[in-house]
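Breakdown of the fold
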Amino acid sequence: MYKKPLLTACFILAIVSFSKSARDVPPRITSKFPKEVAYKEYERAELACEAQGHPAPSFEWKKDGELLSVTGHRVRWAQPSSGTIAIDEPTSLDEGIYQCFARNAWGTAVGGKTLFKKAVLEPFPSVKQPKLHYPTIGSKFTLQCTPPMSYPQGLIYWGENKPNSRLKPIENTDRVSLDYSGNLHFTNIQPEDSRSGYSYACILENPTLRSLVQGDDQIISPVNATAVEPRYANPTLMWSSSTSPIAIWGETMKMKCIFAGYPTPQVRWERRSGHFSSSAQFTSLGQELLIRNVQFDDEGSYRCLANNSDSGSPVFQDFQLTVESMPYWREGQEPEDVSVAEDEPAEVSCLAYGKPKPSISWFINGLPVEELPEDARRTVTDQSISYSSVTKVDKQVIQCNASNAHGYILANPYINVVAEPPSFIATPKSVVKVAEGENVTLTCRVFGAPKPVISWNYLRTHGSDTQPITPGGKFLQQNTGDLLLKDLLKSDSGLYVCAASNKFGNDRVTSEVLVRERTVITEGPRNRVVNASTAVVFPCDARTDPLESSNLVIEWHKNGKKIDFLHHPHMEHSAANNSLVIVGAEVIDSANYSCVAKNGIDESVATAQLFVHGLPDPPIDVRLVNGCHGNRAELKWLPGNDNNNRIIEFVVYSNTTYDPPDRFRDVIHVPESLHSTTLTLQPWTTYSFHVTARNSVGESRRSRFTSEDAECSTPPAAPFRHPEGVCSVSRGEDELVVVWQPMEPADHNGEHFRYVVGYRLRDEDKSEFKELSIDDWRSSEAVIPKQPTFREYMIYVKAANSKGEAPSSNLTKKVGYSGQGLPLISPEKFALVAVNSTSAEFSWSAIREDPNEVKGFFLGYMIKFWKTGDPGNFRKENLTLRSFVSCPAQSKDRRRRMTDGSLGNKDLVTGRTDNLWPNSVITAVVMVMNGAGREGPTSNSVEFQTPEGVPDAVTKFEVLERGSNHFLVSWAPPKESNGNLTGYLIEFEEAPSGVVLNRVKVNSAARKKKITGLKNDTSYIFKIRATTSTGSGQEIVLHEKTRPSSVPSKPGIADVKVGHNFVVVRFDSSTDGDDSANPGSIHCVEYRLHGDSAWRRSDNITNGATVNVTGLDEGAAYELRVVAFNDNERHSTSDVTVITTGQKADTANGVVNETHLKLIAVAAVLFLVVFIVCLFCYISYSKAGIYPVNKEEKKHGCAAGRNDEPEFGEYVRPSEPLMTKSTSSISSLNEKKSPEHIESDNDSLAEYADPDPSKFNEDGSFIGKYGKKTPTNAKDAPIVSFSTLI
C-alpha cells in the first residue's frame, strides 16, 4: 500500500539532487498518526509529526480545531526543526483532538487527527460482605461481573482470592469459561467449584496504567455436593457473542459459544458456506472461533455445535458474518505527486475503496476546495483535481480525504511546476544476468520538465547495429519507463539502451543482459514416513550453466527457511554429495524439506515431506467426574498430540493403597474414539489413576495423576470371598493343622479383618463346628493341638471384617486329617540281589498297608546304608510307591492312590540305589515311610563289599610354566580314588580342531608334567583323568595358549655339586622371575676346559632342572653354562660359571676315601633302579600305543640338527583304546533274570514306580529306582551277584 509514496519520496530526493530549480518542493508529511493516544496523568507524552520539503517546512498544531500554542512551558517542540510536540505533566485539560500542519512557500500538508485522552481506571463499588451463591451440583451457573470505567479498555479475568496470599487467576476450561463482557460461566457446577471456601473475584486490569482493580468477593457453595452422580442434562446454549457480527477487513474477528449441560458438552465449529480460511483458529478449548487478518472471502455463515456423551443431535448456534472495511487505496493506485512544466496540464487522482463506499473530500493547502476562489483552469470531481495549464504559482499540496462509517484515510499529494532537461533518477545495472525462460525488468526512471519521452534500443551480442525496440510481445515498456523482458532466451543476450529526451535536452544509459542456462536439480529428495529415532537421508544434486558452475550453491531449507545447522546439531549437510542427513529424527522434524540449488542468477527447488511418527503425547485434563463415590467412578480425559500417527487406544492405569508407589495396574483399554470410561472400584481403597495413549509406534508417557487434583477413597464393605486353598497338612501326630492361602489387603474390604477357622470330626455329623479366630491377615495356618492321631475332619476357613463375613454361599467345607505318627511295621526278608562299584539292587517282602500300623498314608520305603563301622555317616534312597498330595484334601482312598494304578507283585518289592561307595564294605536296611515322611523300624540288615570303581576328578589342574613351545602342567590327586590309583592320563589337542594330538600316561606318584614340541602362539586344550584298574575318572579340561615365538628367557645356574670327574648342575629356567618370561622347553649344559675354544654338550633335559655331566678330568678347571632351546634357531645361554674338579685319594699311601666309596655305591644302585624303571615304562608305553614326548627330543639332542624335528601335526591318534572293559560273566542288572528270580516283566512294582527312574535328588539319591534297569553310562559297570551276608 505504501510502495508509491516511498517511490515518490525517492523521486523528491532525486529532484533535490539533480536540479537547482527542483529544490523548491512543497511539504510532505512522513509521520503516521494513531487514532487514539492514552496518556497517564502527569507523565510526559509525545505526539509525533515529521515532514519533508524545500524550503524546510514549518509546523503548527491545532487542538479541537483551534491553533495550539507551543510555548515551551508545558507544550513544547520535542526537538529543533521537528514537528513532534512534547506535553509535560499532562492533565485532563490536555484532552482533545490534535492535528499537525506542515507549511512552506509552496503549500501546506495536513496530518491525521489523533484523540489524546487521559487513561482512567475506576474502582469497583465497595461491598462489605461476600456474595453467597448456592447452585445445585450439575446445574449451570454464571458469576456476573460489572466492570467499572476503564480507558483504554481493560482486560477482565477472574481470580481465586485467598487471605494473605496473591490472587491466583482462574484457568478457563471447557467447563468454566469467560464471556466477552467478563462474566464467568459454569456449564455444570461441581463440588470442587467451592474452592475449599475461598472466594471468586472479578479483576479489571488497565495496561496503560499498569494497575488493576478487584471486584467484590463471591462464594459458591454447591448444593448436594455429596451426591453420587449429578443428573444428566442435555446441552443448552448458555451465552454467545453477537450472531450478526461485522468484521473489519484486515483486523481480527472473534465469535464464541458457551453451552451448559452435564456431562460437559464438547463444542466444535463448522462453516456452512465453504471451508475455513487458513487464518482461522479454534481457541478456548473449541468454544471460540478466531480469524486473523479478516478478508472479504471470510464473509458467510458459521455454526457452533455442542453435544455430550449421552445426547443425540447436537445443539447449535448460527452466526452470519459480514465483512466491511474502512477506506483504503489499492496497491499502485495511491495518490501520487505530480511534477510538470509550465503551460502543461496536471492531474491528481484519488481512487479510494471501502465497504461501505467512501466519500471523497478535497482540500488544497489545508482549506476545503469549496472555500477557495473559482479557477477556470481547475476541475474537481469525486476522483480527481486537474488543471488545464499550470504556472509556477500553481505549486500546491492537495489533501484527499476518503471516509466511511469505519474511519478515514488522508493523502497529501502535491503539484510541482518545474523546467528541467532529462536526468536519470534510477538506472539499470550495467550487467544483468538472468536465466532462460525468466523475466527481467530494466529500470529506467527519468526526471525532467516537461516529462521526458523514453525509448529503448537493442544491440545484439557480437552485433554492430542498434535496433529500436517496439513495445509488444516479449518487450513491454512500463509507464514508469522501465522495460520488461519476458521469457528470455540465450539469443536475447545483448546491450539494451534507455534514451530520454524533452525540449530541454536528452540522455541515455546502457545495460548488458546475459542470459544463462537454467539451474536444474537432477536428483532431489523424496517423501519419507519414518518412526522416531530413525536416520533420514535426503539426496540432492544439480547442474547449472557452465559459466556459472563455480557459483553453484546447494542449500537445505525447512518449511521455507534455511536450516541453521548450528542450532540443529542432529542435522548435517553432507559435503560429499550435498545430501541432508537427519540423525535420530524426532516428531518436531516433520516438515517440508527443500533442496535449493542457486548460482546468484536463478535457483531450482525440490521439496519433499517428512512425516516422523512418534509416540503420542500423554492425555491431558485427566480427571474423575464428580470425584469418587461408592464402587464406581467416571474418568475423563482429552487426547494429546498423536505425533503424526493415529492413536489406537487409551490405557487406564491405577495405583491403590495396597500397591507400591511405582506399581501401576493395567485397568482397562479404551478405544480412541472415547475419552471417558466408567470404573468399578474395590471397597475401602484409595485410588489414583493415570492414562496413556497408544499408537502403532508405542505407548506414550503417563498423564498427570488424578490424585494430584482430588483423592478417590471408597467406603468399607464385608469381604466378597473366603480364602482359597483350604486343606490340612501333617505335622505333630496330635495336631490338626489347617492351612490356606492368605488374602491380600486389597481383598479385606474393611478394618479388623480376620479369619475364622471351623473344624469337627467327620464321623460326628451332629456335633457343632468349633471355631477359631485368627486376627493376623498374614497367617496361613491354624494349629489345633490335642487331637487324636490320623483322624478325618471337616474343616473350613471364613473371611470377616468389621462389616461382617463374606457370603456363606461362597464357603466350601473340606475334608482334612490330623497328624500322622511313626509307622509300627517294618519290611521282612530284606536281601541283596546284585551289586557293582556304585549301585546295588535289593528285594524285600511287601508290607500290609494298614493305616493303623502305618500311622498315616502309606508312601513307600526308605533304604538306608552306611560304611560298615561308621553308621553315623549314612545315606538314604527314597522309594516312593504312592503319590501323596496333602492339598487339596481328599478321602483316604484317593490320598493313597498308586502311581500308575497297579500294584504288580503284591508280595515282593525290589529297589535300587546308585549312590554307593566303591571299594567299601557297606551295611544296608529298609524302612516303611508314610505321608508325613516318618520312617518306621528298620528291617534286617545286609552287609556286602563293593568292587573297585573309577576315581573322582583330579583337583588343582593348572599351568606352572608357559613357553613358546611347551607347557609345564601340575595337578593334585582326586578327592576320592575309589580304589588304587594306577596313574594319570593326559591328552592334549589344538583348539578348536578337536583332534587329539597325543596321550601321555604318568604314574600315580607324579604331580606335574612338561609337554614339549608345541607350536608357538597357539591355543591348546589339555585334559587329565585319574585311573584305577576299573577305568578312567572324570576328565578336567584346561585351555591355554603358548607364547609367541621368541628367544627363550635366559636361564640361570642355581647350584653346582662338584666331584673328582663329574658335576651336578641345578638350573632355573628363567632369571626374570615374572609372568613375561619365556622359559625354554629343552635345556642342556655346555662345558669346556678353561682356555679351550670348543664347547661340549650334555644330554637334553625336558623334565626336571638338574643335569649330570660326567667324564671330566680330575683337578681340572672347567667353564660351565646352561643352554635353553625353544626351536632349532632360537636359544639363549646363562652366565658362565668356572669350577675345578677334585682329586682322587693318594693310593700310594694306601688310603681309601670311605665317603667316595659310599657315594659310588649309592650312585650305582640309583642308576640300576632308574634303568629298570625306564625299561618298564618304555615297554608299557609301546604296548599302550602312547607317544613318549621326550623320545623324539632325545634323538635330536640339545645341539644343532633340530631342523628335522617333526611338528605335532605329524602325530597320529593311537589306533587302540586307552583301556578296554573286561567282560564279566557274572550276572548284572542288565541281565535278564532267570525264572527262579522273583522279578519278571509282567509282575513288577516298576509298573507303578515313578515314571522317570533317572531323577536324582541333590545328594545323589534317586526316587523310585527298583525293578529291572539298564545302565546308562560308563559308570554302570556290571553288578556282581553275591549271596546276602547276614
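Residues numbered from 1 in each chain as written. Predicted model: local features only at pLDDT ≥ 70, side-chain atom pairs only at ≥ 80, totals over all residues. Heavy atoms only, no water.

Structural notes on the overall build of the protein chain
The number of helices and strands found in the protein chain is five helices and 97 strands. With 1286 residues in all, the protein chain has 44% of them scored as buried. For the protein chain, restricting intrachain contacts to residue pairs at least 6 apart in sequence, the fraction spanning at least 24 positions comes to 67%. (Helix = DSSP H or I, 4+ residues; strand = E, 2+ residues; numbered from the N terminus. Buried < 20%, exposed > 50% of the residue type's maximum accessible area, 1.4 Å probe, protein only. Contact = heavy atoms within 4.5 Å.)

Overview of unusual backbone geometry
Note the cis peptide between Lys355 and Pro356, where omega equals 0 degrees. On the secondary structure map, Pro356 appears in the loop between β33 (352-355) and β34 (359-364). With an omega of 0 degrees, the peptide bond running from Ala991 to Pro992 counts as cis. Here Pro992 shows up in the loop between β85 (981-990) and β86 (996-1002). With a phi close to 50 degrees, Phe790 is a non-glycine residue in the positive phi region.

Some words on the pattern of salt bridges
Close approach of charged atoms allows side chains with opposite charge to pair. As enumerated under the stated definition, the model contains 54 salt bridges in all. Close ionic contact of Asp545 with Lys490 constitutes a salt bridge, the shortest N to O distance being 3.9 Å. On the criterion of sequence distance, the pair formed by Asp545 in the loop between β54 (541-543) and β55 (553-558) and Lys490 in the loop between β48 (483-485) and β49 (494-502) is long-range, its members being 55 residues apart. A salt bridge links Arg760 to Asp765; the nearest nitrogen and oxygen atoms lie 3.7 Å apart. For Arg760, a relative accessible area of 13% puts it in the buried group. You can call Asp765 exposed: its relative accessible area is 57%. (Salt bridge = Lys/Arg side-chain N within 4 Å of Asp/Glu carboxyl O.)

A short note on the packing of aromatic side chains
For the structure on display, the rule yields 35 aromatic pairs. Between Phe664 and Phe705, the ring centres sit 5.7 Å apart and the planes meet at 20 degrees, which makes this aromatic pair stacked. Of the two residues, Phe664 sits in the loop between β63 (647-656) and β64 (665-671) while Phe705 sits in the loop between β66 (686-695) and β67 (712-713), which places them 41 residues apart along the sequence. One aromatic cluster is present, formed by Phe830, Phe842, Trp844, Phe858, Tyr861 and Phe944 through successive ring pairs. Stacked on the ring of Phe316, the Lys or Arg Arg303 has its end atom at 3.7 Å from the ring centre. (Phe/Tyr/Trp six-rings, centres within 6.5 Å; stacked < 30°, edge-to-face > 60°. Lys NZ or Arg CZ within 6 Å of the ring centre and 35° of its normal.)

Concerning the environment of Ile1053
Position of Ile1053 among the secondary structure elements: in strand β90 (residues 1052-1058). Separated by 84 residues in sequence, Ile1053 and Thr1137 have C-alpha atoms that sit 8.1 Å apart. Every residue in contact with Ile1053, bar those within four places of it in the chain, is listed here: Val1065, Arg1066, Phe1067, Leu1120, Arg1121, Val1122, Ser1134, Asp1135 and Thr1137.

Section: the pairing of β63
The element β63 is largely enclosed, with a buried count of nine among its ten residues. Pairing of β63 with β66, which is carried by nine bridges, proceeds in the antiparallel orientation. Within β66, the position partnered with Glu649 by the bridge is Arg694. Pairing of β63 with β64, which is carried by six bridges, proceeds in the antiparallel orientation. Residue Val652 lies in a different strand from β64, and its bridge partner there is Ile668. (Pairing = 2+ DSSP bridges.)

Some remarks on the side chain of His1060
Along the polypeptide, His1060 turns up in the loop between β90 and β91 (1063-1068). At 3.4 Å, the side chain of His1060 and the side chain of Asn1061 are in polar contact. (Polar contact = N/O pair within 3.5 Å; in protein donor to acceptor, adjacent residues only side chain to side chain.)

Concerning the nonpolar core
Phe842, Trp844, Tyr861 and Phe944 are the most contacted members of the largest nonpolar core, which totals 24 residues. Among the elements of the structure, β76 (828-835), β77 (840-845), β78 (858-867), β81 (921-930) and β82 (942-945) are those that each provide at least two residues to this core. Among the nonpolar cores identified, the runner-up in size contains 22 residues, and Val25, Ile29, Val37 and Ile87 belong to it. (Core = buried A, V, L, I, M, F, W, Y, C linked by side-chain atoms within 4.5 Å.)

Points about the sheet that holds strand β88 (residues 1019-1028)
Here we have four strands laid out as an open sheet, ordered β86-β85-β88-β89, and antiparallel in their pairing. Of all the strands in the sheet, the pair left with one neighbour each is β86 and β89 (1036-1041). Recorded for the sheet is a direction-independent mean angle of 20 degrees between the axes of neighbouring strands. (Axes fitted to C-alpha atoms, helices over the stretch in contact; angles between N-to-C directions.)

Structural notes on the state of the cysteines
Among covalent bonds in proteins, the disulfide is the one between the sulfur atoms of two cysteines. Following the criterion strictly, the structure yields six disulfides and no others. Cys257 shares a disulfide with Cys304; S-S distance 1.9 Å. Disulfide Cys257 to Cys304: torsion about the S-S bond roughly -85 degrees, handedness left-handed. Taken together, the positions of Cys257 in strand β25 (residues 253-262) and Cys304 in strand β29 (residues 300-307) put the pair 47 residues apart, joining distant regions of the chain. Of the two residues, Cys257 and Cys304, both sit in the buried class. A sulfur-sulfur distance of 1.6 Å marks the disulfide that ties Cys350 to Cys400. The S-S bond linking Cys350 to Cys400 shows a torsion near -55 degrees; that makes this disulfide left-handed. Of this pair, Cys350 sits in the loop between β32 (346-349) and β33 while Cys400 sits in strand β38 (residues 396-404); the two residues are 50 residues apart in sequence, bridging distant segments of the chain. Exposure class is identical for Cys350 and Cys400. Each is buried. (Disulfide = S-S within 2.5 Å.)

A few points about the pairing of β88
Of all ten residues in β88, eight are buried; the element is thus mostly enclosed. As paired strands, β88 and β89 are joined by six bridges and run antiparallel to one another. Considered in β89, the bridge of Ser1019 is made with Lys1041.

A short note on the sheet that holds strand β36 (residues 378-380)
The strand order β32-β37-β36 describes an open sheet built from three strands, whose pairing is antiparallel. Whereas interior strands pair on both sides, the edge strands pair on one side only; in this sheet they are β32 and β36. Pairwise comparison of adjacent strand axes, ignoring direction, gives a mean angle of 10 degrees for this sheet. Two elements, β36 and strand β37 (residues 384-387), share three bridges in a ladder whose sense is antiparallel. Looking at the pairing, Val380 lines up with Ile385 of β37.

Some thoughts on the confidence of the model for the protein chain
For the protein chain, per-residue confidence averages 84 on the pLDDT scale, and residues scoring 70 or more make up 85% of the total. Across residues 1-22, confidence stays below pLDDT 50; counting only partners more than four residues off in sequence or on other chains, it has 40 contacts. A low-confidence stretch, residues 1146-1153 (pLDDT under 50), is modelled with four contacts involving residues beyond four sequence positions or located in other chains. (pLDDT = per-residue confidence, 0-100.)

Here's the deal with a nonpolar patch on the surface
Among the surface-exposed residues, Phe1167, Leu1168, Phe1171, Ile1172 and Leu1175 lie close enough to one another that they form a single nonpolar patch of about 550 Å² accessible area. Take Leu1168: it is sitting in helix α4 (residues 1154-1184). (Patch = residues over 30% accessible without salt bridge, like charges linked within 9 Å, V, L, I, M, F, W, Y side chains within 5 Å. Areas by Shrake-Rupley, 256 points an atom, 1.4 Å probe, with all protein chains shown as cover.)

Digging into the side chain of Ser703
When you line up the elements, Ser703 lands in the loop between β66 and β67. At 2.9 Å, the side chain of Ser703 forms a polar contact with the backbone nitrogen of Val691. Those residues in contact with Ser703, other than ones at most four positions away along the chain, are Pro618, Pro619, Val622, His690 and Val691.

Comments concerning the environment of Gly983
Assignment of secondary structure puts Gly983 in strand β85. Given the relative accessible area of 0%, Gly983 is considered buried. C-alpha separation for the pair Gly983 and Ser1004, spaced 21 residues apart in sequence, amounts to 3.8 Å.

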